[in-house]
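One letter stands for each residue in the lines below.
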Amino acid sequence: MGVGVLALALASLSFEPSVARADVQVSARYGLGFGATTGELQREFVFETLLRMEALFGAPGDEHFRVGPALDLRTWRFDTAEAAVGIAVLMPIARGFPLTLTLAAGYAARSVPFANGPIGVATLAWGYRSYNFHSAYGLGLQVFVSGRVHLDEPGRWEVTAGIEIDLEAMIAIPAAFLISLFRKGPPDEPDVEEEN
């Protein structure tokens, strides 16, 4: 019996405990949205431009929940400057096409007739957002619905919907294409003319 216990103890030492590894996927998107004011606000059309960013932590792969800090920067008809920070949760309802819920709070500097003040933001987004196994940056293309409340006057709401397009897809990929076009080769290889 003592030999059996010793063998079991030695066998258990050969198994290393599994370590949960959480990695980060960062994303930044430019968005356009349309909507309206509601509640105690006079009904007005809303046209917004925004920048949304998150750093989401979780297990590798696009079949896992991820959670992390979020930043929301927005302007309404270029009459406001709004910034909110909060938390985002990525829910993998379909591989590569998750739902993302963001809850944030911040401050809005507004022109007349609205007063400056604190804001609360809730955004639900859905679209392409696959896990990137080669980089910490993950591409995103999403549609969203967002609600904003004036926290100093909770009866004042804005509801918008729109689309978010990944910044890397808008800037870095077209830039790499143009470099390739003018250099007559991939941007990470030496210029063909320099070699000749």
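A short tour of the structure in this document, coming up. By convention here, each chain's residues receive numbers from 1 onward along its written sequence. Selection of residues for local features in this predicted model requires a pLDDT of at least 70, selection of side-chain atom pairs for listing and counting requires 80 or more, and totals for whole chains, interfaces and linings are taken over all residues. The side-chain quantities take in all heavy atoms of the structure and omit both hydrogens and water.

**Here's the deal with unusual backbone geometry**
Right, on to step 1. Phi at R77 is positive, roughly 50°, even though this residue is not glycine.
Right, on to step 2. Comment: elements are numbered from the N terminus, with helices defined as DSSP H or I runs of at least four residues and strands as E runs of at least two. Its location among the elements puts R77 in the loop between β3 (66-76) and β4 (80-91).
Right, on to step 3. Its identity as a non-glycine residue notwithstanding, F78 has a phi of 60°, on the positive side.
Right, on to step 4. Relative to the helices and strands, F78 is located in the loop between β3 and β4.

**A few points about the sheet that holds strand β5 (residues 99-110)**
Right, on to step 1. Strands were regarded as paired on the criterion that DSSP finds at least two bridges between them. An order of β1-β2-β3-β4-β5-β6-β7-β8 is seen for the eight strands of this closed barrel, with the pairing classed as antiparallel. Along the sheet, successive strands turn relative to each other by an average axial angle of 25°, direction set aside.
Right, on to step 2. One ladder, built from 11 bridges, connects strand β1 (residues 23-39) with strand β8 (residues 156-166); its direction is antiparallel. Looking across to β8, one finds that A36 is bridged to V159.
Right, on to step 3. Here helix α2 (residues 167-183) sits on the sheet and contacts β1, β2 (45-58) and β8; the angle it forms with β8, its principal contact strand, is near 30°. Angles here are taken between N-to-C directions and fall from 0 to 180 degrees, while the axes themselves are lines fitted to C-alpha atoms, restricted in helices to the stretch in contact. Contact criterion: two residues are considered in contact whenever any of their non-hydrogen atoms come within 4.5 Å of each other.

**Brief notes about the side chain of D72**
Right, on to step 1. Secondary-structure assignment places D72 in strand β3.
Right, on to step 2. Side-chain polar atoms of D72 contact the side chain of R52, separated by 2.7 Å.
Right, on to step 3. The contact partners of D72, leaving out residues within four places of it in the chain, are L51, R52, E82, A83, A84, V121 and R148. N or O atoms closer than or at 3.5 Å make up a polar contact, with two conditions inside protein: a donor-capable atom paired with an acceptor-capable one, and, for residues adjacent in sequence, both atoms drawn from side chains.

**Examining the pattern of salt bridges**
Right, on to step 1. A pairing counts as a salt bridge when a side-chain nitrogen of Lys or Arg comes within 4 Å of a carboxyl oxygen of Asp or Glu. If you walk through the whole model with that rule in mind, you get 16 salt bridges.
Right, on to step 2. Where E54 meets R129, a salt bridge forms, and the shortest distance between an N and an O atom there is 2.7 Å. Here R129 lies in the loop between β6 (117-128) and β7 (141-150) and E54 lies in strand β2, a separation of 75 residues in the sequence. The pair formed by E54 and R129 is uniform in burial state, with each residue classed as buried.
Right, on to step 3. Within this structure, R29, E48, R52, E54, D72, R74, E82, R129, R148, E158 and E164 form a network of salt bridges that share partners. Relative accessibility decides the category of a residue: with a 1.4 Å probe and only protein chains considered, values under 20% of the type maximum give buried, values over 50% give exposed, and everything between is partly exposed.

**Quick notes on the packing of aromatic side chains**
Right, on to step 1. Two aromatic rings, drawn from Phe, Tyr or Trp (for Trp, its six-membered ring), form a pair once their centres lie within 6.5 Å of each other, and the interplanar angle then sorts them: stacked below 30 degrees, edge-to-face above 60, tilted otherwise. In this structure the tally under the stated criterion is five aromatic pairs.
Right, on to step 2. Through successive ring pairs, a cluster of aromatic residues spans F34, F45 and F47.
Right, on to step 3. Here the guanidinium or amino end of R52 rests over the ring plane of F144, the centre of that ring lying 4.5 Å away. The criterion is that NZ of a Lys, or CZ of an Arg, lies within 6 Å of the ring centre and within 35 degrees of the ring normal, and then a charge sits over that ring.

**Section: α2**
Right, on to step 1. What a helix should span is 1.5 Å times the count of its residues minus one. Taking 1.5 Å per residue as the helical rise, α2 with its 17 residues ought to reach 24 Å, and the 24 Å between its terminal C-alpha atoms agrees with that figure.
Right, on to step 2. Of the residues trailing α2, K184 is marked for its positive phi of about 60°.

All we've got here are geometric facts, nothing functional implied.
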